[in-house]
Amino acid sequence: MSSSVDKHFQEKNVKGRIYLFDFNKSESGVKELRIASTATFNADNFYPHGISVWEDKKSGRHTVFAVNHPKKELIADSIEKFEYDPEKQELIHQQTYQSQEAMRVVNDVQATGTNSFYFTNYQYFPGHPGDLMEILFELTWTNVVYFDGETYRVVAGDMKSPNGIAMSNDHKYIYIAPCLGQEIRVFKRNTDNSLELQQVFPLHTIPDNVAVDPVTGDLYTGCHPLGWKILLHLAEPEKLSPSQVLHLHVKDGNITSAQELLYDDGSLITASTSAMVYNRKLLVGSVFHNLIICDVHVPI
């Protein structure tokens, strides 16, 4: 982590948090969920990145998985499991998943059950100069891994920095965003949880995270249209980077077209990473900057 990023974290009092946002009460803003330390989990060294929620249809319980990039450099990436308590607005830590061999630089996670998930390895090397070499030479050393509750296995590889990952509402397809490839890859999910490539949809912009519309099954992705500016922003958070949100129309699992919902030069929101639309409201997140909500005025 650069000195500029450290300074930004200190000045903005940045710490690991997970928030709850209710689209039906957007005027209320976000609600920080309480996360307590346990004998095996240090909440003060929790810096969440990707997140996924699994709902048990029978019990109504929600299991939350979150990628953790601990600030202490000697601690490897992990995926943390929590149970959500809606009455107390609290995340109760359940388990830590770590594998030095399977988890390189983890970016996002997609739950498939209460103890199983896919995750993306965004980079092979955890730090300089290896990570820079991967970007400059567009190396395809990263992959997608599946954990079935007991073992880790690679289910997709040869991608240029797979970033966001999401699953279709019917659980038949997995969507992955290789950011350096500037594309979305659609995989058919087999009964053994292996993945079969079905479509590569070019975006001509750098996708970050992917979200699935719970009603239509369409995709929303926060993007970085200018690669060199997002690299500068990641090194020095005060430097602006443009934001872009795309709505990807889906039919029978495949992406059929792309529609731009938002483009900003970085003044309103810098370096958009994720997006979701509900009731014609667009919620957009960023790397270091703001979280914004705005009305959607285009046909969707």
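Presented here is an overview of the structure given in this document. Every chain is numbered on its own, with residues counted from 1 as its sequence reads. A pLDDT threshold of at least 70 governs which residues receive local features in this predicted model, and a stricter bar of 80 or more applies before side-chain atom pairs are shown or counted, although totals over entire chains, interfaces and linings include all residues. Computation of side-chain values covers all heavy atoms of the structure but excludes hydrogens and water.

Attention now goes to the pattern of salt bridges. A pairing counts as a salt bridge when a side-chain nitrogen of Lys or Arg comes within 4 Å of a carboxyl oxygen of Asp or Glu. All told, the structure shown has six salt bridges when counted by the stated rule. With a shortest N-O distance of 3.7 Å, Lys-239 and Glu-236 are connected by a salt bridge. Type-normalised accessible area, obtained with a 1.4 Å probe on protein chains alone, sets the label of each residue: buried when under 20%, exposed when over 50%, and partly exposed for intermediate values. Relative accessible area serves as the criterion here: at 35%, Glu-236 is assigned to the partly exposed category.

Let's shift gears to the side chain of Asp-213. Going along the chain from the N terminus, every DSSP run of H or I of four or more residues is numbered as a helix, and every run of E of two or more is numbered as a strand. By secondary structure assignment, the location of Asp-213 is in the loop between β16 (206–212) and β17 (219–224). His is not counted, nor are the chain ends, whereas Lys and Arg count as positive and Asp and Glu as negative. Buried charged residue Asp-213 carries no salt bridge. Nearest counter-charge: Arg-280, at 9.9 Å. We call two residues contacting when some pair of their heavy atoms lies within 4.5 Å. With residues up to four places along the chain from it excluded, the contact list for Asp-213 reads Asn-169, Asp-218, Tyr-220, Met-276 and Val-277.

The next point concerns the environment of Cys-223. If you trace the backbone, Cys-223 turns up in strand β17. Cys-223 gets classed as buried once you look at its relative accessible area, which sits at 0%. When the C-alpha positions of Cys-223 and Asp-208 are compared, they lie 5.5 Å apart, and in sequence the two are 15 residues distant. Ignoring sequence-local partners within four residues, the contact set of Cys-223 consists of Thr-205, Ile-206, Pro-207, Pro-242, Ser-243, Gln-244, Leu-246 and Ser-272.

What follows is about the sheet that holds strand β5 (residues 62–68). Think of it this way: DSSP has to see at least two bridges between two strands before they count as a pair. A sheet is described by the order of its strands in space; here five strands give the open sequence β3-β7-β6-β5-β4, paired in mixed fashion. Taken across any chain shown, the strands that pair with only one partner, and hence form the sheet edges, are β3 (34–35) and β4 (48–55). Direction of pairing for β4 relative to β5: antiparallel, over a ladder of six bridges. Bridged to Trp-54 within β5 is Thr-63.

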